[in-house]
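# Coordinate inspection notes
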Amino acid sequence: MMVVRYTCKHCNTEIGSIPFDSARDVIRQLQENDEKEKERFLDTDDKGSMTVRCICEQCEQSLRMFPDLYHLENWKQ
């Protein structure tokens, strides 16, 4: 079954997923993004499932407390 997964781009924690049939509006919005944004935030596997890279609550809190972390490529270990 195809799904849209939401995964933290910093720690790779899976935040959640939506069955493909239930996510038509989300998929339409994601596909309307320009190519640069798609490359940065969206992965599609060979089965058609999509992964949206976003930020989990824990990483968001860390970034709020230490905003200099935004400048680092891989700050989460």
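Attention here is on the structure that accompanies the text. The structure presented is a predicted model; accordingly, all values stated were derived computationally and were not measured.

As a further point, take the overall build of the protein. Counting its secondary structure elements, the protein contains 3 helices and 4 strands. Going from the N terminus to the C terminus, the protein shows its helices and strands as β-β-α-α-β-β-α. Counting every position in the protein, which comprises 77 residues, the buried fraction comes to 23%. Taking the intrachain contacts of the protein between residues at least 6 apart in sequence as the baseline, contacts between residues at least 24 apart amount to 41%. A total accessible area of about 6,100 Å² is found for the protein, and carbon and sulfur atoms account for 46% of it.

Turning next to the side chain of Arg53. Within the secondary structure, Arg53 sits in strand S4 (residues 50-54). Here Asp43 takes part through its side chain, which lies 2.4 Å from a polar atom of the side chain of Arg53. Among all residues touching Arg53, those that are not within four sequence positions of it are Thr7, Lys9, Glu39, Arg40, Phe41, Leu42 and Asp43.

Structurally, a disulfide amounts to a covalent bond that connects the sulfur atoms of two cysteines. If you walk through the whole model with that rule in mind, you get 0 disulfides. Take Cys11: it sits in no disulfide, and the sulfur closest to it among the cysteines is that of Cys8, at 3.7 Å. In this structure Cys11 comes out as partly exposed when scored by relative accessible area, which is 24%. The thiol sulfur of Cys54 is not disulfide-bonded, and the nearest other cysteine sulfur, from Cys8, lies at 7.0 Å. Owing to a relative accessible area of 23%, Cys54 belongs among the partly exposed residues under this scheme.

How each quantity is defined
- Residues numbered from 1 in each chain as written.
- Predicted model: local features only at pLDDT ≥ 70, side-chain atom pairs only at ≥ 80, totals over all residues.
- Heavy atoms only, no water.
- Helix = DSSP H or I, 4+ residues; strand = E, 2+ residues; numbered from the N terminus.
- Buried < 20%, exposed > 50% of the residue type's maximum accessible area, 1.4 Å probe, protein only.
- Contact = heavy atoms within 4.5 Å.
- Areas by Shrake-Rupley, 256 points an atom, 1.4 Å probe, with all protein chains shown as cover.
- Polar contact = N/O pair within 3.5 Å; in protein donor to acceptor, adjacent residues only side chain to side chain.
- Disulfide = S-S within 2.5 Å.

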